[in-house]
Amino acid sequence: MRPARPRPPRRRFRRHSGASTGTALSGTALTRSGLACGVALLRGHKLAAAVTGHSRPATPQRYNLQGHTDAAAAPAVSWRARIEGAPRAGGGSAVPAPPPPPPLLPFPAHPFPSLSLPALPSPAGGSHARRRWRRQRGGGGGRVAVAGMAVPGALGRARRLCHWGPAVALAVVAVCSATAMADAALWYWPLDTAGGSVNFIMLLNWTVMILYNYFSAMFVGPGYVPLGWTPEKSQDCMYLQYCKVCQSYKAPRSHHCRKCNRCVMKMDHHCPWINNCCGYQNHASFTLFLLLAPLGCIHASFIFVMTMYTQLYNRISFGWSSVKIDMSAAKRDPRPIIPFGLSAFAASLFALGLALGTTIAVGMLFIIQMKVILTNKTSIESWIEEKAKDRIQYYQTGETFIFPYDTGSKWKNFKQVFTWSGIPEGDGLDWPVRDGCHQYTLTIEQLKQKADKRIRSVRYRAIDDYSGVCCPVTKGVKTFFTTPCTEEPRIALSKGDLILATRGLKHWMYGEKILDSAADGGIRERGWFPRKCVEKCQYDSETDQPVDGEKKNR
């Protein structure tokens, strides 16, 4: 009898070559590897370091910029000490600081072939589970991420509404819409006429479209990078940042949102008015809301002005030295069901102020969004491009940064966001790039800026306690009235705490508190704190350069 042919094994998840132990790299080790990569790229060298697979080695190996171990060096000097020119740990002469970095080398196909990272844990369950996992957008399973927690869909949507932003936005829409419909139907343009009916239907149409796009932007969400995501090629991990919260790499154009507690695909910003991020999936709905809200408010403002004008025209009598307004009765035939009294006048005037303010504020936001959409950027990417030019000018590297995702055609950039189907182009992870660029041009620039920020940061020591309140009363009048107008958090300080300051204002500074990674689980605590509560460390500073906010107002 002919033996049966053995069945080939089922297709398993991809295993990276370099993970001999199969364990995931710890967050601290990945952070150090990413920073070392950024410093190497900043100097134009080629990094070829083999990273071990152990999560917390007892004696970690050190690699120089050529990828060789410094086994003979005693004691070993960290990359930060090499940059700063700080004295060695055991005494001795200081390591001289290197000269300004030379121009970067051209980007090869695989510039770091010897660097391989261990595989991250992938969901079990075969190829079907793998496909579902890859198609995951925003948590999946009918759950919504709210304040860092995955809750069921209906409960998550209800919790998104329980915020001051949606409460204020929906209140403005309700007041303007209801007042405009009441003014038009009762006093300005009755419904028994053809023009009045058309006007009322247009007002109702504005309200429906505004609310539809508003709730679409809020509930559809921006789309999140799948948990545990890794690029197709393991060597591409070198060009990406690792998120310790999501336990995955940050895909190109994605950023981690501290409010949503997830990595958001093509993140533009976190909008408090929708209590959600604006990103890949809801960018079109959010922009349409910004367009329709001013148009509806302009129509409502016209109704308010004409209502007050027609109702007050026959009630105002001018004398030689006085003006009299008779609000007792309406001089109109036929008389309206509800007379236009003082309360109706006050409500129309209040709604007019809301409509005009909304038109100006939201209209400016719409203009800003259209500028970034037509260049195929986001607000964060515009800021990254500005910092790239500042970095190149500061180090005089002679390189030129080209934004990779601008196709050169405003119409093509527009079509990537707005489509007839309502679904944006692409999958949110891979993006078409222009000639001369590649998928990781922007992420490499982010690594350079991250390493540059570490180099130019300044170490401070807390000399006074700070509770972390938004407007501290006990820190001075100027500190109280000049608090940063941002949703970025404040960090509480105790005497003796060490902080790495990266930017600052006149009376406030922003930085990261230096914590014990073993005791605090590697959690980074960043935020604003009063300048009066800290003093610069004389001997433990990262560099002798001033904070970015002091040196240059970016």
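Data block above holds the structure.
Residues numbered from 1 in each chain as written. Predicted model: local features only at pLDDT ≥ 70, side-chain atom pairs only at ≥ 80, totals over all residues. Heavy atoms only, no water.

## Here we look at the overall build of the protein chain
When helices and strands are counted, the protein chain shows 14 helices and 15 strands. The burial tally for the protein chain puts 44% of its 554 residues in the buried class. Of the contacts made within the protein chain by residues no fewer than 6 positions apart, 67% connect residues no fewer than 24 positions apart. Total accessible area computed for the protein chain in this model is approximately 30,000 Å², and 61% of it derives from carbon and sulfur atoms. (Helix = DSSP H or I, 4+ residues; strand = E, 2+ residues; numbered from the N terminus. Buried < 20%, exposed > 50% of the residue type's maximum accessible area, 1.4 Å probe, protein only. Contact = heavy atoms within 4.5 Å. Areas by Shrake-Rupley, 256 points an atom, 1.4 Å probe, with all protein chains shown as cover.)

## What to know about the pattern of salt bridges
Throughout the structure, instances matching the rule amount to eleven salt bridges. A salt bridge links aspartate 452 to arginine 456; its shortest N-O distance comes to 2.8 Å. Taken together, the positions of aspartate 452 and arginine 456, both in helix H11 (residues 441-456) and four residues apart, correspond to about one turn of that helix. Both residues of the pair, aspartate 452 and arginine 456, count as buried. Of the charged contacts, one joins aspartate 497 and lysine 513 as a salt bridge, the two residues approaching to 3.9 Å between their closest N and O atoms. You can see aspartate 497 sitting in the loop between helix H12 (477-481) and strand S12 (498-504) and its partner lysine 513 sitting in strand S13 (residues 508-513), a full 16 residues away along the chain. (Salt bridge = Lys/Arg side-chain N within 4 Å of Asp/Glu carboxyl O.)

## A short note on the sheet that holds strand S15 (residues 534-536)
Strand order in the open sheet formed by five strands is S14-S13-S12-S11-S15, with antiparallel pairing between adjacent strands. With one partner strand each, in any of the chains shown, strand S14 (525-530) and S15 form the two edges of the open sheet. Shown here is a sheet whose adjacent strand axes are inclined to one another by a mean of 45°, direction ignored. With six bridges joining them, S13 and S14 adopt antiparallel strand pairing. Counterpart to methionine 509 in the pairing with S14 is phenylalanine 529. (Pairing = 2+ DSSP bridges. Axes fitted to C-alpha atoms, helices over the stretch in contact; angles between N-to-C directions.)

## Some details on a nonpolar patch on the surface
Together, Leu288, Leu291, Leu295 and Ile298 make up a nonpolar patch on the protein surface, roughly 290 Å² of accessible area in all. If you trace the backbone, isoleucine 298 turns up in helix H7 (residues 283-313). (Patch = residues over 30% accessible without salt bridge, like charges linked within 9 Å, V, L, I, M, F, W, Y side chains within 5 Å.)

## Here we look at the environment of threonine 179
You can see threonine 179 is positioned in helix H5 (residues 164-188). Looking at threonine 179, the relative accessible area reads 13%, which means it is buried. Once the C-alpha coordinates of threonine 179 and alanine 347 are considered, the two residues, 168 residues apart in sequence, prove to be 7.4 Å apart. The residues touching threonine 179, leaving out its near neighbours within four places in the chain, are Phe304, Ala347, Ser348 and Ala351.

## Description of the nonpolar core
Burial of nonpolar side chains together is a common tendency in soluble globular proteins. In this structure, Val225, Trp229, Tyr249 and Leu442 are the most contacted members of the largest nonpolar core, which totals 25 residues. Counting only elements with at least two residues in this core, the list comes to strand S3 (242-243), helix H9 (379-395) and H11. With three residues, the single largest contributor to this core is H9. (Core = buried A, V, L, I, M, F, W, Y, C linked by side-chain atoms within 4.5 Å.)

## Examining the pairing of strand S11 (residues 458-462)
In terms of residue burial, S11 counts as a mostly covered element, since four of its five residues are buried. Where S11 and S12 come together, four bridges link them in antiparallel fashion. By the bridge assignment, arginine 459 is partnered in S12 with leucine 500. The pairing of S11 with S15 spans three bridges and is classified as antiparallel. The residue of S15 that forms the bridge with tyrosine 460 is lysine 536.

## Let's talk about the packing of H5 against helix H8 (residues 342-374)
Between H5 and H8, whose axes approach to 9 Å, the crossing angle comes to 130°. Between H5 and H8, the interaxial angle falls into the category oblique. You can see that H5 and H8 cross each other, and the crossing is left-handed. Between H5 and H8, the contacting residues are Val172, Val175, Cys176, Thr179, Asp183 and Trp187 on the first element and Ala344, Ala347, Ser348, Phe350, Ala351, Leu354, Ala355 and Thr358 on the second. Grouping the constituent residues of the contact of H5 with H8 by class yields ten nonpolar, three polar and one charged. (Parallel < 35°, antiparallel > 145°, perpendicular 65-115°, else oblique. Left-handed = near helix turned anticlockwise from the far one by under 90°. Nonpolar A, V, L, I, M, F, W, Y, C, P; charged D, E, K, R; others polar.)

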